[in-house]
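Listed below are the residues making up each chain.
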Amino acid sequence: MRALVVYESMFGNTEAIARSIADGIEASMHADVVEVSAAPATVPADVTMLVVGGPTHAFSMSWPSTRRDAAGRATSVISRDRGIREWLGALPGVTTKTVATAFDTRATSRLTGSAARAASRRLDRLGFPLIASPMSFRVTDVTGPLVDGELDRAYGWGKALGSDVVVQKPTRPLARSPHMNLYRRPYPQGQLGEA
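Residues numbered from 1 in each chain as written. Predicted model: local features only at pLDDT ≥ 70, side-chain atom pairs only at ≥ 80, totals over all residues. Heavy atoms only, no water.

## Considerations on the overall build of the chain
The helix and strand tally for the chain stands at five helices and five strands. Along the chain, from the amino end to the carboxyl end, the secondary structure elements read β-α-β-β-α-α-β-α-β-α. For the chain, with 195 residues in total, the buried portion stands at 50%. At a minimum sequence separation of 6, the contacts of the chain that also span at least 24 residues come to 79%. (Helix = DSSP H or I, 4+ residues; strand = E, 2+ residues; numbered from the N terminus. Buried < 20%, exposed > 50% of the residue type's maximum accessible area, 1.4 Å probe, protein only. Contact = heavy atoms within 4.5 Å.)

Here you go:
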C-alpha cells in the first residue's frame, strides 16, 4: 500500500501541511509527497490513496492570475507555474482503485471559500472514491504563518486517513443522479474529515 500526497504551495504553509499529513499516513503505509509541478501525469497503479491539497485563492483552487499575485507578495514562491486545478484538469478518469481526498490552507476568515471542496468535487467527477470530506487548515494571514496546532492536526488527520484505508477500503458511493445536490458531503458530519 502506498499514498501519494500532491500539493501546491505558495509560501510554504501548504507544503508543511502536506508533509505533516504524509508523516501521519506513514504510521499505516508508505507516503510520497510531491509538489504539483513534479506530480505524475496519471496516478500510478500502486497508489492506494491520493491526497491533493493547495491554498485557497479567490474562494477556490488557484488560477494562473492568483499565483502571479502571490508571487508579487514574496521573493520566491514554490508553485509558480502550475497548480492543482491544472493538474486535476489534465488527469484522465480513474483507472485504478485509488481512494482520494483533498485539503487546503486558508485564512481564518469564514469568507475565504475552500480549494479543498473544489478539488474534492473534481476528484469525485474523475471517479475517485472519496475516503473523507475535504479538510481545511488555517493560516493567520495570506502569507502565513500557520495557526498554532495546525501541523499536529494535519498529522492526526493523515494518521486517521491511513488507518481508515488499511482497515476498510471504502467502495465508491452510488452514482449520482442529476437531481442530487452537487454539494452534498460524501460522508456524514462528525466523521473523519470534519473541520
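## Looking at unusual backbone geometry
The omega torsion across Gly144 and Pro145 is 10°, close enough to zero to call that bond cis. If you trace the backbone, Pro145 turns up in the loop between strand 5 (135-139) and helix 5 (150-167).

## A few points about the confidence of the model for the chain
Mean pLDDT over the chain stands at 84; residues scoring 70 or higher make up 83%. Contacts from residues 170-195, a stretch scored under 50 in pLDDT, to residues over four places away or in other chains number 42 contacts. (pLDDT = per-residue confidence, 0-100.)

## A few points about the packing of helix 1 (residues 13-25) against helix 5
As a packed pair, helix 1 and helix 5 sit with axes 6 Å apart at the nearest point and diverge in direction by 40°. Classed by the angle they form, the pair helix 1 and helix 5 counts as oblique. In the packing of helix 1 onto helix 5, the handedness of the crossing is right-handed. Residues Ala16, Ile17, Ser20, Ile21, Asp23, Gly24 and Ile25 of helix 1 pack against Glu150, Leu151, Ala154, Tyr155, Trp157, Gly158 and Lys159 of helix 5. (Axes fitted to C-alpha atoms, helices over the stretch in contact; angles between N-to-C directions. Parallel < 35°, antiparallel > 145°, perpendicular 65-115°, else oblique. Left-handed = near helix turned anticlockwise from the far one by under 90°.)

## Notes on empty space enclosed by the protein
A water-sized probe rolled over the atoms picks out the places where empty space is left. In total, this model carries one cavity of 30 Å³ or more according to the counting rule given. The computed volume of the largest cavity comes to approximately 60 Å³. Thr42, Val43, Leu91, Pro92, Gly93, Val94, Thr95, Thr96 and Phe128 are the residues that line the largest cavity. Grouping the amino acids of the lining of the largest cavity by side-chain chemistry returns five nonpolar, four polar and no charged. (1 Å grid on protein atoms, 1.4 Å probe; cavity = no way out; pocket = protein on both sides within 12 Å on 5 of 7 lines; lining within 4 Å. Points joined across faces, edges and corners; volume = space filled by probe spheres on them. Nonpolar A, V, L, I, M, F, W, Y, C, P; charged D, E, K, R; others polar.)

## Let's talk about the packing of aromatic side chains
Summed over all chains, the structure comprises two aromatic pairs. Plain terms: the ring middles of Phe103 and Phe137 are 6.3 Å apart, the flat faces sit at 70° to each other, and that makes the pair edge-to-face. Here the residue Phe103 occupies a position in strand 4 (residues 99-107), and Phe137 occupies one in strand 5, the gap between them amounting to 34 residues. The class of Phe137 is buried, set by a relative accessible area of 0%. When the ring of Phe137 is compared with that of Trp157, the centres are 6.1 Å apart and the planes differ by 65°; the resulting orientation is edge-to-face. One end of the pair, Phe137, is in strand 5; the other, Trp157, is in helix 5, with 20 residues separating them in the sequence. Here the two residues Phe137 and Trp157 agree in accessibility, since each one is buried. Members of the aromatic cluster, connected to one another through ring pairs, are Phe103, Phe137 and Trp157. (Phe/Tyr/Trp six-rings, centres within 6.5 Å; stacked < 30°, edge-to-face > 60°.)

## Description of the layout of surface pockets
Size it by volume and the largest pocket reaches roughly 380 Å³. What lines the largest pocket is a set of 21 residues, among which Phe11, Pro55, Thr56, His57 and Val142 lie closest to the centre. Of all the elements in the fold, those that place two or more residues in the lining of the largest pocket are helix 1, helix 2 (64-71) and strand 4. Of the residues in the lining of the largest pocket, the class split is nine nonpolar, nine polar and three charged.

## Observations regarding the sheet that holds strand 3 (residues 49-55)
Reading across from one edge, 2-1-3-4-5 is the order of the five strands in this open sheet, with parallel pairing throughout. For this open sheet the edge positions go to strand 2 (30-35) and strand 5, each flanked by a neighbour on one side alone. Strand-to-strand twist in this sheet, taken as the mean axis angle between neighbours without regard to direction, amounts to 20°. The sheet contact formed by strand 3 and strand 4 spans seven bridges and is parallel. Looking at the pairing, Pro55 lines up with Thr105 of strand 4. In this fold helix 5 packs onto strand 3, strand 4 and strand 5, with an angle of close to 165° to the strand it touches most, strand 5. (Pairing = 2+ DSSP bridges.)

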